[in-house]
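Examining the three-dimensional arrangement
Single-letter residue listing:
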Amino acid sequence: MSARRALFILAAFLAPVIETSAFADGFAGLGGEAKGFAEVVEGTPIVFPRDFGPHPAFRTEWWYLTANLEDAAGASYGLQWTLFRQASAPGDERQGWAIQNIWMAHAAVTNAKEHLFAETFARGGVGLAGVTAEPFRAWIDNWRFSSRDDAPGAGLARMMVEAAGPDFRYKLNLAVDRPPVLHGKNGFSVKSDDGRASYYFSQPFFKIDGVLVIRGQEIKVSGLAWMDREWSSQPLTATQKGWDWFSLHFTNGEKVMVFQLRDETARAFRAGTWIHADGTSEALDRDDIALTPLSRIHLNGRTLPGQWKLTVKSRGVEVETTPLNADSWMATRFSYWEGPISFRGSHEGKGYLEMTGY
Amino acid sequence: MRPFFWTLVALLSHWRRHPANFGALLVGLAVATALWSGVQALNQHARASYDRAASLFGTAGVQSLVAARGGLISQDLFVKLRLAGWKVSPALEGTIRIRGAPFQLIGIEPLSLPRGTEFAGVTGENALGDFLEPPGRTIIAPETLRELAAPEGAAIVIDGGKTLPPIKALSGAPPGILVVDIGVAQAVLDRTGHVSRLIVKESSGDGVPPLAGVAGDVLRVLPPREEASDIRRLTDSFHLNLTAFGLLAFLVGLFIVHAAFGLAFEQRLAMVRTLRSVGVSARALVAAMFGELALLALIAGGAGMGLGYGLAAALLPDMAASLDGLYGVRVAGQLTLDPAWWISGLGIAVIGALAAAAGELFKAFHLPVLKAAQPFAWRRAEQIFLRRRSILGCFGLAAALIAFLYGNGLYAAFGGIAGLLLGAALLLPLLLAGALRLGEKTSSAPLAQWFWADSQQQLPGLSLALMALLLALSTNVGVGAMVEGFRKTFTQWLDERLIAEVYFEAAGDSEARQIESWLDQRPEIIAILPVSRATIQLEHWPVDVVGMKPHETYRQHFPMLSQVADAWDDFERGDGVFVSEQLARRLDLALGSMLEIPTAGDRWRAKIVGVFPDYGNPKGQLRVDLASLMRHWPDTPRRAYSLRVAPKAASNLIDAMQTEFGQQIARISDQAALKRLSMTIFERTFAVTAALNILMLVVSAIALFANLLTLSNVRLAQLAPVWAVGVARGRLAQLEFLRVLLLTAATSLLALPLGLALAWCLVAVVNVQAFGWRLPFHLFPAQLAQIIALALLTAAVAVIWPVIRLVRTTPADLLKVFANER
C-alpha cells in the first residue's frame, strides 16, 4: 500500500512544494530521484520498536489506522486515523518553526448513512505534532494514537486512539498479541516495474473497542483494526495516476492486503500479502491478483468504482466487495475515497478500501 | 413624440449658437461632479482599505484571541491550546523600520490558518513551499513594493541590521504590511517563543474544553469587527471633513450651472415664445427641457466622473499620507471603486443639474404664451430674487447660530458651518449692491456715475460667481488659519515636549541595562531618563500608559494645559497621574477627580493632577511615574530612554553608542531628527486639505470666467451707447477690468471675517469633536494678505479674455447694436 500514500502526499498535500527549489525535478519529474534524502535499499532490516518511530532522513512516511466496528445492535461502522509526515527539504532537521517536517492528519467515522471526517495540518519543531518510538506515541493537536499510559514500553500491545472533528469524536482502546507483518521482501515493498519501493509493514491483528460520538450520541463499538507503517523517499512514476488498496479480514482469521497502481501507459502494477491467522505471511505474485470494478458510483462529479471483484487465484479467493457507505468521500484539502467494505463470495468478511486519482 | 423631438432639437440649437454658455454649463456641472465624486472615491477607497486591513484576521466566522491584559502570548500556551483541540493559528505582529519609515510586520502560520482568512490567499496555493522553506518569503502588496523601491526578490535589510526574506509582491495583499512566516517574524522582532494573536474559527470540533479551562483568564476574544470599527471610529471625522469639502465644492459647481442655465433661459425666451405660439404645449416644452437637461447632465456628469477619478487618483497619495500621519492607518495606493460609485456620481450630477435649473423649468411651465420676450427680464426679476435670497441668507445665519449655541457633535458643527457659509454667500449680492450704490452717490463725474450704475446692473449676472468666490476664499482663509495655527501650536509643543537631546530604544531589556550602565560612566550625560509603556483599554478606548521619571527636565518643560498645585509631587508619590487632552475630553475626566486604571494585577486608583496636550495622537495617553508603572505592570519592557546631554555632545554620543552597541540598539535619534520627522508627518497630514483648497479656488475662478464670458456676449448693448458718446474701446476695457477687480476685492474683504469665523469653528468646535484637542486661535495677517492677492489674481485671469474680446470688438459690431432691436 505504500503507493497510495506516496503519490497521495506528493500529488496532493505538497504539490505546491514540489515547485520549489527543493523539488527542482518538478511535478513532471515525479519519478526523479529524491536527491539528498535516504534511499530505500533492499535487505535493510526492519527493527522494532525503532521503526515504529519517525525516519527524518526519508522524505515521507505515515501511520495509518483503519477499523471495522460494530455496535451492540450489530450495525457496522468504519474508523480512520492517519498521520503523514513530509519533509520539504533534505538534510539535518532544523529547529523550531524552520523545521522541514510538515504533518497532516485525517480522521473519519463512517456508518451506512453518514461519513464524517476532519483534517488538520501542523508543522513539526514546536510540539504540535510528532511521533516517538518508545513509548510509541503519535499525535497532532488533540488527536492521538499511542501506547496506553498504563502500558508503556510494550510496543503496540496496548494502545489508544482518539480524534475529534465537527460532529464527531472517538476514543478507543486497541490490543494485539502478535508481531507486525512485513510486506514485500522483509518489508521492502516494490511499487513499480522500474523498482521504486518503500519500507512497509502492518499490524493487522488489533482488537479494538471503545466509544464513537456521532452528533452527540455515544455509541459503544468493538471490532478489528489494521495499522500500516510505511516510509520512502522515492516517488512513483509520473504515469502512475492513482491506486486502489484493499485490506480484508476474513471470518476465519486470515487476512489479505492487495493494491494496484493504475498506470496511464502500462498495465497496472499489483502486489499483495497473504496473512495467515497465526501471523505468518507470504507475498502475493503480481499475476495472482485480479481487480475488476463491477459497478460505478458518482460523487461530486467524479465516477469511481462501487463494487469490486477481487480474486487471488492461488488462494482460491473470489469475492465481491460492497462499500458500507458509497459516499465515503474524504473531501479534505486533497480528496479521495476511503471507507469500510464488506465482501462475500468464496470468502466472507469486512475490510477497508481506498481509491485515489479518480 | 415628434413635437418632443423637434422641441428638443430647437432647444439644443441654442447651445450651438452660444458655445461659451454651453461650455460654462458643461464645465460647471463636470467640475461639480468631479469634486464631489472624487472626494467620495477617496472616502470609499479608504474605507475599503480599512475593511481589508481588518479582514486580515476578521473574516466572517473567524475570531482573534489576544492577551487579556495586552502584550504577547506565550507560544507554549498556543501549543497547549492546539493539543487541547482548539483550532487556533498563531500570528505575531510588530513594527519594523525600513530606512526610518515604519511598517507593520505580521508573522503567520499558513498551515493552521482557518480557510477563508485573507492570509490563506496571501501565501498563494502554489507558493506555500517557498513561504515555509528557508529563507522564506516576505509577501507585500505591489504598491508597498513600489514604496520600498526594491525589486521583487530583494532581501531587505531593516533598521537594526536584520534581513527579511526575499520579497514577493502579491496583488490583494494588505498595503503597508509585510507578511512573513511566524518563525521569521519571531526572529526579526526578537520575540522567540511568543505570538501576539491567536486566530480561531468559531467551531473547534467536538468535545473541546472551554477556553478558560485551558488558558485560564490569560486570553480574551477580540470580536471580529472591533478592529474595523476602531479604525472607522478614528477616521470618521477625517472623512466627514472630506465630505464637507466635497459638498461645498459641489455647491460652488452648481452655482455655475445655475448661472449658465439661467442665462440660457433668458436668451431663449424668444424661442420659447415662438415654440409655444406654434402649438407646443407647456408640458411638452418642459418635458423637452427636462430631457435636454438630463442629457447634458449625463454628458457632463460622465466627464465629471472621469475627472473625479483622476482627481481621486492624484490626491490618493496625499490622503494616504494624511491617514498614516493622523491615525497610523495604511491605505492601498491603487484606486479600486465599485459600480455603486459611478451610479451615485451620475445620479448626483443629474439631481444637481435639475436642482440648479428647477426655477427656470418652473418659470417655463408658467410662462404666458404671449409674454414679450424682453431681454434681461431676469435682471428685473433678480431684484425679487435678491430679496428672497437675502431672507434665505438670514435664515442660514440664524440656523448657524442655533447650531453653535445648542448643537452638539460633529454633524451639528458642520451644519453650523454650512449655515454660516451659505447665509453669508446669499447675503453677498445685497451687501455688494449697497456698496455700489454708495459708490454711485459719492461720485459726480458722468463716466464714474455710469461706471457705478452699470456695475450695479451687472451685479446680478455676476453675483453667483462672486458667491462661489466668497465660499472658496473664506474656506481658504478658515482652513489656512486653522492649519497655520495648528502648525504654530504644534511646533511650540514639539519644542517643549522634545526637550531631551538624544532618544534611543534598546533591542532588549538586558541590552537596555547594559547600555544604561555604560552611559552612567559617560561624563557628557546630564540625565538618563528611562521611559516605559503599557497599553490598556479605558471604556473600550485604547490608552497608552507611559511611565517617566519626575525629573527636573519634565518638571520644567513638559507642556501642560492645566494642573493642580504640587502636581509633580503627587505624580512622584504615585498618587497622581497626568491625562492627555483627548483622554480627558473623551472620558469627560476632570482635573482633581479619581481615575480607576486596570493594571496587570488589580485596579489602581489615582488622582488626575494634570492635563497635557498630545496633538496628533489618535489614542489616549496616561503619564505616570515610572516606578508606579513598573509596580503595576511588572512585565512591561523597559527599553526606551531619553538622554539629557550637553547639546554639542549629542551627535558624538550617538556615534559612540552605535559603535559600542551596534545592533543592541534598536533605534536611536537626536532631537533635531525627531522634530524633523514630526513636522514631516504634520505637513503630510494637511496635504490633502491644501490640495482641495486650491481646487476650490480654481473652480470659483472657472465660475467667474464663465460668467464674464457669457455676459460679455450681451454686454454690447450697454457698452455701445457709451462708446458712441466717445469713450474709447480701450478705456471701456479698462473699466471692465477695474469693475471685476473691484467686485472681487469687495468679496475678498467680506471673505476675511467669514473665513476667520470659519477658522474659529474649526479650531474650537470641529477639532475638539473630531480629534479631541482644542487649538489656540491665531491670526496670520500675512496669510490673509496672500489670500486676497490670490483672489485678485484669480479675478484678473478670469476677466482677461473677455476684456481682450471687448478691445477687439469692431466698430461695425458696436454699430449693429443700434441697427438691431437689441
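Structure first, text after, so check above.
Quick summary incoming for the structure in this document. (Residues numbered from 1 in each chain as written. Chains lettered and ligands numbered in written order. Predicted model: local features only at pLDDT ≥ 70, side-chain atom pairs only at ≥ 80, totals over all residues. Heavy atoms only, no water.)

**What to know about the overall build of chain B**
Helices and strands together make up the secondary structure of chain B, namely 26 helices and 20 strands. Of all 822 residues assigned to chain B, the portion counted as buried reaches 55%. Accessible area of chain B: about 33900 Å², with a carbon and sulfur share of 62%. (Helix = DSSP H or I, 4+ residues; strand = E, 2+ residues; numbered from the N terminus. Buried < 20%, exposed > 50% of the residue type's maximum accessible area, 1.4 Å probe, protein only. Areas by Shrake-Rupley, 256 points an atom, 1.4 Å probe, with all protein chains shown as cover.)

**Structural notes on unusual backbone geometry**
In this structure, A:Pro49 follows A:Phe48 across a cis peptide bond, with omega equal to 5°. As for its placement among the helices and strands, A:Pro49 is situated in the loop between helix H2 (15–18) and strand E1 (60–71). Cis geometry marks the peptide bond from B:Pro134 to B:Pro135; its omega dihedral reads 5°. Within the secondary structure layout, B:Pro135 lies in the loop between helix H5 (128–132) and strand E5 (138–140). Positive phi outside glycine occurs at A:Asn186, with the angle close to 55°. Assignment of secondary structure puts A:Asn186 in the loop between strand E10 (181–182) and strand E11 (188–190). Overall, A:Asn186 belongs to the exposed group, its relative accessible area being 62%. Positive phi values are uncommon outside glycine, yet B:Ala149 reaches one of about 50°. Structurally, B:Ala149 can be placed in the loop between helix H6 (142–148) and strand E6 (167–169).

**Some details on the nonpolar core**
Membership of the largest hydrophobic core comes to 104 residues, with the highest contact counts inside it found for A:Leu65, A:Trp81, A:Phe145, A:Tyr170, A:Phe206 and B:Ile96. By residue number, the principal contributor to this core is strand E12 (residues 197–214) of chain A, which donates nine residues. Listed in part, the 103 residues of the second largest apolar core include B:Leu311, B:Ala312, B:Val479 and B:Val765. (Core = buried A, V, L, I, M, F, W, Y, C linked by side-chain atoms within 4.5 Å.)

**Brief notes about a nonpolar patch on the surface**
Residue and element names in this part refer to chain B. On the surface, a nonpolar cluster with roughly 500 Å² of combined accessible area is contributed by Leu-401, Ile-402, Leu-405 and Tyr-406. With respect to the helices and strands, the residue Leu-405 is situated in helix H13 (residues 377–406). A relative accessible area of 57% places Leu-405 in the exposed class. (Patch = residues over 30% accessible without salt bridge, like charges linked within 9 Å, V, L, I, M, F, W, Y side chains within 5 Å. Salt bridge = Lys/Arg side-chain N within 4 Å of Asp/Glu carboxyl O.)

**A closer look at the interface of chain B and chain A**
How big an interface is tends to be stated in terms of accessible area lost as the parts join. Every contact between the two is made by 29 residues of chain B and, on the other side, 32 residues of chain A. Across the interface of chain B and chain A, roughly 2400 Å² is buried in total on both sides, 53% from carbon and sulfur atoms. The interface formed by chain B and chain A includes five salt bridges. With a closest N to O distance of 2.5 Å, B:Asp181 and A:Arg123 form a salt bridge. On inspection of chain B and its partner chain A, the count reaches nine residue pairs in polar contact (both at pLDDT 80 or more). (Contact = heavy atoms within 4.5 Å. Buried area = accessible area lost by both parts, 1.4 Å probe. Polar contact = N/O pair within 3.5 Å; in protein donor to acceptor, adjacent residues only side chain to side chain.)

**Structural notes on the packing of helix H15 (residues 446–497) of chain B against helix H24 (residues 729–770) of chain B**
All names here are of chain B. Remark: H15 packs on H24, axes separated minimally by 5 Å, with the N-to-C direction vectors making an angle of 30°. Between H15 and H24, the angle falls in the class roughly parallel. Our pair here, H15 against H24, has a crossing hand that is right-handed. Residues of the contact of H15 with H24, tallied by class, amount to 28 nonpolar, ten polar and four charged. (Axes fitted to C-alpha atoms, helices over the stretch in contact; angles between N-to-C directions. Parallel < 35°, antiparallel > 145°, perpendicular 65-115°, else oblique. Left-handed = near helix turned anticlockwise from the far one by under 90°. Nonpolar A, V, L, I, M, F, W, Y, C, P; charged D, E, K, R; others polar.)

**Side note on helix H16 (residues 509–520) of chain B**
All names here are of chain B. Here H16 spans 17 Å end to end across twelve residues, near enough to the 16 Å set by a 1.5 Å rise per residue. Buried within H16 are the following residues: Glu-511, Ala-512, Ile-515, Glu-516, Trp-518 and Leu-519. Down the axis of H16, the sector holding all buried residues measures 165°, keeping them to one side. Along H16, the residues that are exposed and aim more than 90 degrees away from the buried face are Ser-510 and Asp-520. Lining the buried residues of H16 we find strand E11 (502–506), strand E12 (525–538), strand E19 (640–645), helix H21 (650–661) and strand E20 (665–670). (Expected span 1.5 Å × (residues − 1). Arc of directions from axis to C-beta.)

**Examining the side chain of A:Asn68**
Residue and element names in this part refer to chain A. Residue position: Asn-68 is located in strand E1. For Asn-68, a relative accessible area of 8% puts it in the buried group. A polar contact of 2.9 Å, which involves the side chain of Asn-68, links it to the backbone oxygen of Gly-351. Apart from the residues lying within four places of it in its own chain, the contact partners of Asn-68 are Tyr-77, Ser-222, Gly-223, Leu-224, His-249, Pro-340, Ile-341, Lys-350, Gly-351 and Tyr-352.

**Focus: the packing of aromatic side chains**
This structure, assessed with the given rule, holds 33 aromatic pairs over all chains. Arranged with centres 4.9 Å apart and planes meeting at 25°, the rings of A:Phe48 and A:Phe52 form a pair that is stacked. Residue A:Phe48 is classed as partly exposed on the basis of its relative accessible area of 32%. Centre to centre, the rings of B:Trp341 and B:Trp342 are 4.5 Å apart; their planes meet at 80°, and the pair counts as edge-to-face. By relative accessible area, which is 2% here, B:Trp341 ends up buried. Ring-pair connections join several aromatic residues into one group, and the members of that group are A:Phe48, A:Phe52, A:Phe58, A:Trp81, A:Phe136, A:Phe145, A:Tyr199, A:Phe201 and A:Trp231. The ring of A:Trp139 has A:Arg137 sitting right over it, with the charged end atom 4.5 Å from the ring centre. The aromatic ring of A:Tyr358 is capped on one face by A:Arg262, whose charged end is 3.9 Å from the ring centroid. (Phe/Tyr/Trp six-rings, centres within 6.5 Å; stacked < 30°, edge-to-face > 60°. Lys NZ or Arg CZ within 6 Å of the ring centre and 35° of its normal.)

**Re the environment of A:Gly216**
Inspection of the secondary structure assignment puts A:Gly216 in the loop between E12 and strand E13 (217–232). Sequence separation between A:Gly216 and A:Phe168 is 48 residues; the distance between their C-alpha atoms is 7.4 Å.

**With respect to the side chain of A:Gln100**
Residues and elements named next belong to chain A. By secondary structure assignment, the location of Gln-100 is in the loop between strand E2 (76–87) and strand E3 (101–110). Overall, Gln-100 belongs to the buried group, its relative accessible area being 2%. Reaching out from Gln-100, the side chain makes a polar contact with the backbone nitrogen of Arg-94 at a distance of 3.0 Å. Other than its neighbours up to four places away in sequence, Gln-100 contacts Gln-86, Ala-87, Ser-88, Ala-89, Pro-90, Gly-91, Asp-92, Glu-93 and Arg-94.

**Comments concerning the pattern of salt bridges**
All names here are of chain A. In this structure the tally under the stated criterion is 40 salt bridges over all chains. Between Arg-85 and Glu-61 there is a salt bridge, and its shortest N-O distance comes to 2.7 Å. Placement of Arg-85 in strand E2 and of Glu-61 in strand E1 is noted, with a sequence separation of 24 residues between them. As far as the burial class goes, Arg-85 and Glu-61 line up, both buried. Asp-167 is the salt-bridge partner of Arg-215, the closest N and O atoms lying 3.1 Å from each other. Of this pair, Arg-215 sits in the loop between E12 and E13 while Asp-167 is found in the loop between strand E8 (158–165) and strand E9 (168–175), placing the two residues 48 residues apart along the sequence. Arg-215 sits in the partly exposed class, given a relative accessible area of 49%. Within this structure, Glu-61, Arg-85 and Arg-229 form a network of salt bridges that share partners.

Purely geometric stuff here, so don't read any function into it on its own.
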